[in-house]
Amino acid sequence: MTDADWRMAHRSSDDLFGVSAFGLLTQILRLNCLTPTHAFSALGVRLNYSEDWSLRLRKSDKLRASIVKKMPSSEPLATLWDSSPWQAFGSGPGFANPTLTTCRECMRSGFHSNLFQMPWVNQCPWHRCPLASKCERCSTPFWKSVVRDSPILLCSCGFDPVDLKEILHESPDQIAKRVAMIRRYLKWAEKSRGSRDAFGFEGSPFFWDHTESSGNDRKPWWKPGAPAVSLLVRHTVASFQASCVDGELTRIARDISDTKEFFIELPTSIASSMRSVSSAVASQFPEDAFSARERVLLGLEQHSGAATERARMPIVLLPAFTVTTRAFFDGRILSMKAQMIIREISEAICREDCEPERMYGLLVALERIVCRAYAEATNISLTRVVSRSNPSPIGKLWSPAVIVRYKREKTFLRFLWMREKVNHENP
């Protein structure tokens with residue numbers, strides 16, 4: 001069979017609107033009684049059986065182009081085969097569930113959409129059932145059901161989630177409902193990308209249960225759950241001020257995005273706040289936890305001029321150091337995830353297409369995340385020092401995330417901090 005011989009005889013492109021490249025591949029192989037081994041000869045798709053095919057097809061322009069070349073009638077569907085149109089956030093990184101996720105009812109007709117890979121979507125918008133990533137009989141991940149010589153998605157336990165009759169005779173009403181909902185979602189996502197940014201989630205579905213505000217902002221298929229006790233959320237509302245956009249913090253953001261080392265300059269506006277953070281954190285420890293010199297360094301006492309006893313264990317975290325009139329601190333003391341978010345926000349600020357309103361919101365987020373991450377790093381560092389004479393477990397670290405939303409002349413920021421267990425064997 002030569003190129004351009006394959007056709008979608010079972011469905012028009014309108015009926016398959018929103019189908020992913022993996023969903024189309026599944027339907028074509030099943031309808032023609034082909035196994036994954038034939039994916040290359042049929043559609044030009046050459047993939048390893050030890051990887052998630054849905055993930056590779058989303059990320060590879062070359063693989064998606066091969067399908068269109070072999071099946072020209074699928075070209076109208078190809079614009080929605082990567083993750084970009086489904087993203088609901090702008091300057092931040094793209095988010096997607098790391099493994100094949102789908103609706104079990106949709107899977108009966110071989111339908112899979114990249115909508116199901118968005119971590120903030122936890123149930124099928126038209127079937128209203130929870131999304132799944134594992135076989136309902138044996139809990140084997142769906143992506144492992146792509147085996148060389150077996151029908152695609154047929155589980156190793158023998159359970160087949162795909163029904164050939166459903167592929168051929170899917171209800172027209174169901175198709176119309178699905179297409180309408182997907183179009184609605186894509187319009188919302190396009191509008192949302194211009195007014196929202198998110199940083200630091202790393203595809204964790206846990207966080208997305210807490211990202212939506214109450215009221216009309218909640219998406220119709222989002223099912224709220226009880227807030228987790230391990231999640232600390234902070235809200236900030238800031239009015240847009242054009243004079244603050246091209247300031248000291250903007251220059252610092254550019255330095256952070258360019259430098260290989262992670263020494264962060266403290267802008268004048270927050271240097272005093274960070275000194276207050278050190279004092280506030282240290283004041284929570286027992287009064288005799290620090291030497292006289294340490295208390296001065298931490299801002300708990302003013303320097304008296306008298307000789308102080310040398311600290312038994314120096315506090316490498318403090319103080320920040322000054323070069324001429326510019327103050328710096330070693331950003332490597334922050335958690336790796338906090339560093340990641342700070343770099344992501346800095347890169348977003350430096351984008352050429354970053355509008356003043358968006359830049360201002362990102363600058364406020366950068367200032368808040370630096371202060372909060374610094375406070376947590378200070379607490380951990382001091383706990384390690386004090387634990388010598390007053391043992392107390394470090395306990396848990398904070399894993400941060402930031403959502404920035406723009407609305408007219410105000411910026412709404414939401415900071416989420418999730419507790420993470422620490423490996424005590426490697427403190």
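Up top you'll find the structure we're talking about.
Below: a short report on this structure. This one's a predicted model, so the numbers in the text were calculated from it and none came from an experiment. All residue numbers here refer to positions counted from 1 along the written sequence of the relevant chain. Totals for whole chains, interfaces and linings use all residues, but because this is a predicted model, local features are given only for residues with pLDDT of at least 70 and pairs of side-chain atoms are given and counted only at 80 or more. Computation of side-chain values covers all heavy atoms of the structure but excludes hydrogens and water.

### Things to note about the overall build of the protein
Logical step 1: Secondary structure elements are defined from DSSP: runs of H or I of at least 4 residues count as helices, runs of E of at least 2 residues count as strands, and each element is numbered from the N terminus. Within the protein one finds 13 helices and seven strands.
Logical step 2: Looking at the protein residue by residue over its 427 residues, the buried ones come to 49%.
Logical step 3: Contacts: residue pairs with any heavy atoms within 4.5 Å of one another. Within the protein, contacts between residues at least 6 apart in sequence are counted, and of these 69% link residues at least 24 apart.
Logical step 4: Surface accessibility in these figures is a Shrake-Rupley result with a 1.4 Å probe; residues are shielded only by whichever protein chains are displayed. A total of about 21,700 Å² of accessible surface is found on the protein, and carbon and sulfur atoms cover 50% of it. To sort residues, take the accessible area from a 1.4 Å probe on protein chains only and compare it with the maximum for the residue type: under 20% means buried, over 50% means exposed, and anything in between is partly exposed.

### Some remarks on the side chain of Glu170
Logical step 1: Looking at the element boundaries, Glu170 is found in the loop between helix H6 (164–168) and helix H7 (172–193).
Logical step 2: For Glu170, a relative accessible area of 13% puts it in the buried group.
Logical step 3: Pairs of N or O atoms are called polar contacts if they sit within 3.5 Å, as long as, within protein, a hydrogen donor faces a hydrogen acceptor (for residues adjacent in sequence, only side-chain-to-side-chain pairs). A polar atom in the side chain of Glu170 sits 2.7 Å from the side chain of Arg178.
Logical step 4: Residue contacts for Glu170: discarding those within four places in its chain leaves Arg11, Ser109, Lys165, Ile175 and Arg178.

### With respect to the nonpolar core
Logical step 1: The set of buried Ala, Val, Leu, Ile, Met, Phe, Trp, Tyr and Cys residues whose side-chain atoms join them within 4.5 Å is what this entry labels a nonpolar core. Formed by 66 residues in total, the largest nonpolar core has its most connected members in Leu57, Trp120, Trp126, Tyr185 and Phe201.
Logical step 2: The leading source of residues in this core is H7, at seven residues.
Logical step 3: By size, the runner-up hydrophobic cluster in this structure holds 51 residues, among which are Ala238, Ile264, Met274 and Ile349.

### Examining the packing of helix H9 (residues 248–258) against helix H12 (residues 336–349)
Logical step 1: Helix axes are fitted to C-alpha atoms over the stretch in contact, other axes to C-alpha atoms as well, and angles between N-to-C directions run from 0 to 180 degrees. At their nearest, the axes of H9 and H12 sit 8 Å apart, and the two run at 115 degrees to each other. The interaxial crossing formed by H9 with H12 has left-handed handedness. Judged by residue contacts, Thr250, Ala253, Ile256 and Ser257 of H9 engage Ile342, Arg343, Ser346, Glu347 and Ile349 from H12.
Logical step 2: In this classification, the charged set is Asp, Glu, Lys and Arg, the nonpolar set is Ala, Val, Leu, Ile, Met, Phe, Trp, Tyr, Cys and Pro, and all remaining amino acids, among them Gly, are polar. Across the contact of H9 with H12, the residue classes tally to four nonpolar, three polar and two charged. With the far helix as reference, a near helix turned anticlockwise by less than a right angle produces a left-handed crossing, and one turned clockwise produces a right-handed crossing.

### Quick word on H12
Logical step 1: Expected span of a helix: the number of residues minus one, times 1.5 Å. Its 14 residues give H12 an end-to-end C-alpha distance of 20 Å, which sits within 8% of 20 Å, the value for a rise of 1.5 Å per residue.
Logical step 2: Counting buried positions over the 14 residues of H12 gives ten, a clear majority of the element.
Logical step 3: Residues of H12 that are buried include every one of Ala338, Gln339, Met340, Ile341, Ile342, Glu344, Ile345, Ser346, Ala348 and Ile349, and no others.

### Regarding unusual backbone geometry
Glycine aside, residues mostly have negative phi, and peptide bonds are mostly found in the trans state.
Logical step 1: For Arg128, which is not a glycine, the phi torsion comes out positive at approximately 60 degrees.
Logical step 2: Take Arg128: its relative accessible area is 43%, and that puts it in the partly exposed class.
Logical step 3: The backbone of Leu153 sits at a positive phi, close to 75 degrees, despite the residue not being glycine.
Logical step 4: As for its position among the elements, Leu153 is in the loop between helix H5 (104–108) and H6.
Logical step 5: Overall, Leu153 belongs to the buried group, its relative accessible area being 5%.

### Description of the pattern of salt bridges
Logical step 1: Definition used for salt bridges: Asp or Glu carboxyl oxygen within 4 Å of a side-chain nitrogen of Lys or Arg. One pass over the full model with this rule turns up ten salt bridges.
Logical step 2: We note a salt bridge from Arg30 to Asp160, for which the minimum N-O separation is 2.8 Å. Taken together, the positions of Arg30 in helix H1 (residues 21–31) and Asp160 in the loop between H5 and H6 put the pair 130 residues apart, joining distant regions of the chain.
Logical step 3: The salt bridge partner of Glu166 is Arg108, with a shortest N-O separation of 3.7 Å. Of this pair, Glu166 sits in helix H6 while Arg108 sits in helix H5, and the two are 58 residues apart along the sequence.
Logical step 4: Looking at Arg108, the relative accessible area reads 33%, which means it is partly exposed.

### A few points about the packing of aromatic side chains
Aromatic ring pairs are described here by two measures, namely the spacing of the ring centres and the angle between the planes.
Logical step 1: Here a pair means two rings of Phe, Tyr or Trp (six-membered ring of Trp) with centres within 6.5 Å. Their orientation is stacked below 30 degrees between planes, edge-to-face above 60, and tilted elsewhere. Evaluated as defined, the whole model comprises eight aromatic pairs.
Logical step 2: Judged by centre distance (5.8 Å) and plane angle (45 degrees), the rings of Phe116 and Trp126 are tilted. One end of the pair, Phe116, is in the loop between H5 and H6; the other, Trp126, is in the loop between H5 and H6, and ten residues separate them in sequence.
Logical step 3: In this structure Phe116 comes out as buried when scored by relative accessible area, which is 0%.
Logical step 4: On the basis of an interplanar angle of 50 degrees and a centroid distance of 5.6 Å, the ring pair of Tyr185 and Trp188 is categorised as tilted. Linking Tyr185 with Trp188, this pair stays in helix H7, spanning three residues, or about one helical turn.
Logical step 5: Of the residues examined, Tyr185 reaches a relative accessible area of 1% and is grouped as buried.
Logical step 6: In this structure Trp188 comes out as partly exposed when scored by relative accessible area, which is 24%.
Logical step 7: Directly above the ring of Phe111 sits Arg178, whose terminal nitrogen or CZ lies 3.9 Å from the centroid. Counting as a charge over the ring demands two things of the Lys NZ or Arg CZ atom: a distance within 6 Å of the ring centre and an angle within 35 degrees of the ring normal.

### Let's talk about the state of the cysteines
Logical step 1: Put simply, a disulfide is two cysteine sulfurs that come within 2.5 Å. Scanning all chains against the criterion turns up zero disulfides.
Logical step 2: Cys157 carries a free sulfur, and the closest cysteine sulfur to it, the one in Cys155, is 3.6 Å from it.
Logical step 3: Taking the relative accessible area as the measure of exposure, Cys157 reaches 29% and is therefore partly exposed.

### Structural notes on the environment of Phe111
Logical step 1: Tracing the sequence through the fold places Phe111 in the loop between H5 and H6.
Logical step 2: Judged by relative accessible area, which is 2%, Phe111 ranks as buried.
Logical step 3: Linking Phe111 and Val19, residues 92 residues apart in sequence, is a C-alpha distance of 6.4 Å.
Logical step 4: Residue contacts for Phe111: discarding those within four places in its chain leaves Leu16, Phe17, Gly18, Val19, Gln27, Thr102, Cys106, Phe116, Trp126, Arg178 and Ile182.

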